[in-house]
Amino acid sequence: MAGLTLKNIYKKYPGGVVAVTDVNLEIRDKEFIVLVGPSGCGKSTTLRMIAGLEEISEGELYIGDRLVNDIAPKDRDIAMVFQNYALYPHMTVFDNMAFGLKLRKVPKDEIERKVNEAAKILDLTHLLDRKPKAMSGGQRQRVALGRCIVRSPKVFLLDEPLSNLDAKLRAQMRTEISKIHKKLGTTFIYVTHDQTEAMTMGDRIVCMKDGFVQQVDTPQNLYENPVNKFVAGFLGSPQMNFIDAVLKEEYGQFIVEFGSEDSKNHRGVKYQIIVPESKVNDELPNYVGKEVTLGVRPESIHDEEMYLSNATTGVIDAYVDITEMMGAETYLYLTCEGNNLTARVSPRTTARPGDDIKVAIDPNRIHLFDKETERAIVN
């Protein structure tokens, strides 16, 4: 088995287009690491450079201790699962899975043993005589995985393998792939634009934007301590609410203030959230009197009476635009002083579209970002 090291990796195309910029990454042996980001952020290009399908413009790539920049894909001891499965339609499942081994002149009895072992892991034993067209998307995806498993590679590369499946099957296959990773104990590098896949599957997540790595951390740390506004907004569904605010200091307390003021017509309201002492850091005093961006996760906005009656700060008035019943929870789409907010609340909520309600923002769960650089000030 093997870990990977990416040192100062760049991908430059003719005409000055830089797709990937200065990627430095240590991927541990047996780790499940997920590259995530919006379309065009460089995640698939990075994966293809690891596979050897794209040339590395600058930098060094090591698999284990071996520098592989100039080593052909077939000699890198990696296996890749593509988005479109790339199965041979005229071959049975057995022959699809055995094809790579036959090319390597592996003895027949060993091929049979390896294919049957992989089929057992993937629950494909009863489908070995079928051809791809007589199978569902999920079954074809498992065959594509099986074709990699039989080769016992050091590293598995998976490029958006679930994007062609329906929602239910995707959720099922997420757990299947995680189980397979645990069974095989191999390094998995997985590319997706779906942050739910990233959050649920990865030991660590590499969040990318415009060819740059923004942050590398565990799913929990990325969610709770994003380094900037992009990471905060990209991870989490529904996404984090962002509100333009001003930081003030009164009586030794830091206060985040937002809303509008129109004293002539007595319209507009200013709302204040006191920053808890546990969140005050050395950087905060530098932002007093300046504009900041307040970040609040939907689950940190509460409409329960019990919460509202105990709240000492952060209670705001909001108008309910839409409610979405999700079964175990309800999403409220709210407007407050020109800000659109999403709240994730209990399914027992009595809020209905058209209602004016009060909600409380949990001050212990707020995030603050620099308005200009979008860097996190407080998490």
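Read on for an overview of the structure. (Residues numbered from 1 in each chain as written. Predicted model: local features only at pLDDT ≥ 70, side-chain atom pairs only at ≥ 80, totals over all residues. Heavy atoms only, no water.)

Okay, the side chain of Glu257 next. Along the chain, the position of Glu257 falls in strand S12 (residues 253-259). At 3.0 Å, the side chain of Glu257 forms a polar contact with the side chain of Lys248. Separated by 2.7 Å, the side chains of Glu257 and Gln272 make a polar contact. In this structure, Glu257 is in contact with Ala245, Val246, Lys248, Lys270, Tyr271 and Gln272, ignoring residues within four places of it in sequence. (Helix = DSSP H or I, 4+ residues; strand = E, 2+ residues; numbered from the N terminus. Polar contact = N/O pair within 3.5 Å; in protein donor to acceptor, adjacent residues only side chain to side chain. Contact = heavy atoms within 4.5 Å.)

So, about helix H1 (residues 43-51). H1 sits mainly inside the fold: 7 of its 9 residues count as buried. Every buried residue belonging to H1 is among Lys43, Thr45, Thr46, Leu47, Met49, Ile50 and Ala51, and all of these are buried. After H1 finishes, the residue Gly52 shows a positive phi value of roughly 90 degrees. (Buried < 20%, exposed > 50% of the residue type's maximum accessible area, 1.4 Å probe, protein only.)

In the segment running from Ser237 into Pro238, the intervening peptide bond is cis, with an omega of -5 degrees. A positive phi angle, close to 60 degrees, is found at Asp77, a residue other than glycine. Mapped onto the elements, Asp77 comes out in the loop between strand S5 (66-67) and strand S6 (78-81). Look at Glu337: it is not a glycine, yet its phi comes out positive at around 50 degrees. Structurally, Glu337 is set in the loop between strand S17 (330-336) and strand S18 (339-345).

Let us look at the sheet that holds strand S11 (residues 241-250). Ordered by their spatial adjacency, 6 strands build an open sheet running S13-S12-S11-S14-S20-S21, and the pairing between neighbours is antiparallel. Two strands bound the open sheet, and with one partner strand each, they are strand S13 (270-274) and strand S21 (376-378). Each adjacent strand pair in this sheet contributes to an overall mean axis angle of 40 degrees, direction not counted. Sheet topology note: the S11/S12 ladder contains 5 bridges and is antiparallel. Bridge assignment links Lys248 to a residue of S12, and that residue is Ile255. (Pairing = 2+ DSSP bridges. Axes fitted to C-alpha atoms, helices over the stretch in contact; angles between N-to-C directions.)

A few words on the sheet that holds strand S1 (residues 4-13). Taken in spatial order, the 4 strands make up an open sheet running S2-S1-S4-S5, and their pairing is antiparallel. The open sheet has two free edges, formed respectively by strand S2 (17-27) and S5, since each of these has just one partner strand. As paired strands, S1 and strand S4 (residues 58-63) are joined by 5 bridges and run antiparallel to one another. Looking at the pairing, Thr5 lines up with Tyr62 of S4. Contacts from H1 reach S1, S2 and S4 within the one sheet, and its direction differs from that of S1 by about 115 degrees.

This part covers the layout of surface pockets. Taken as a whole, the largest pocket holds about 540 Å³ of empty space. Only S6, helix H2 (93-103) and helix H4 (137-149) provide two or more residues apiece to the lining of the largest pocket. In terms of residue count, H2 provides more of the lining of the largest pocket than any other element does, 5 residues in total. Grouping the constituent residues of the lining of the largest pocket by class yields 13 nonpolar, 2 polar and 4 charged. Approximately 170 Å³ is the volume found for the second largest pocket. Around the second largest pocket, the lining comprises 13 residues; the ones closest to its centre are Glu117, Ile149, Val150, Ser152 and Leu184. (1 Å grid on protein atoms, 1.4 Å probe; cavity = no way out; pocket = protein on both sides within 12 Å on 5 of 7 lines; lining within 4 Å. Points joined across faces, edges and corners; volume = space filled by probe spheres on them. Nonpolar A, V, L, I, M, F, W, Y, C, P; charged D, E, K, R; others polar.)

This part is about the environment of Gln253. Examined against the element boundaries, Gln253 turns out to sit in strand S12. Each C-alpha atom of the pair Gln253 and Ile274 lies 7.0 Å from the other, and the pair is 21 residues apart in sequence. Gln253 has contacts with Lys248 and Ile274, leaving out every residue within four places of it along the chain.

So, on to the packing of H2 against helix H3 (residues 108-121). For the pair H2 and H3, interaxial distance at closest approach is 10 Å and the crossing angle is 135 degrees. Between H2 and H3, the angle falls in the class oblique. Classified by chirality, the crossing of H3 by H2 is right-handed. Contact residues: Phe94, Met97, Ala98, Leu101 and Lys102 in H2; Ile111, Glu112, Lys114, Val115, Ala118 and Ala119 in H3. For the contact of H2 with H3, the class distribution of residues is 8 nonpolar, no polar and 3 charged. (Parallel < 35°, antiparallel > 145°, perpendicular 65-115°, else oblique. Left-handed = near helix turned anticlockwise from the far one by under 90°.)

Inspection of the entire model under this criterion finds 1 cavity of 30 Å³ or more. Surrounding the largest cavity, Glu160, Pro161, Leu162, Ser163, Arg170, Thr192, His193, Asp194 and Glu197 form its lining. Counted by class, the lining of the largest cavity contains 2 nonpolar, 3 polar and 4 charged residues.

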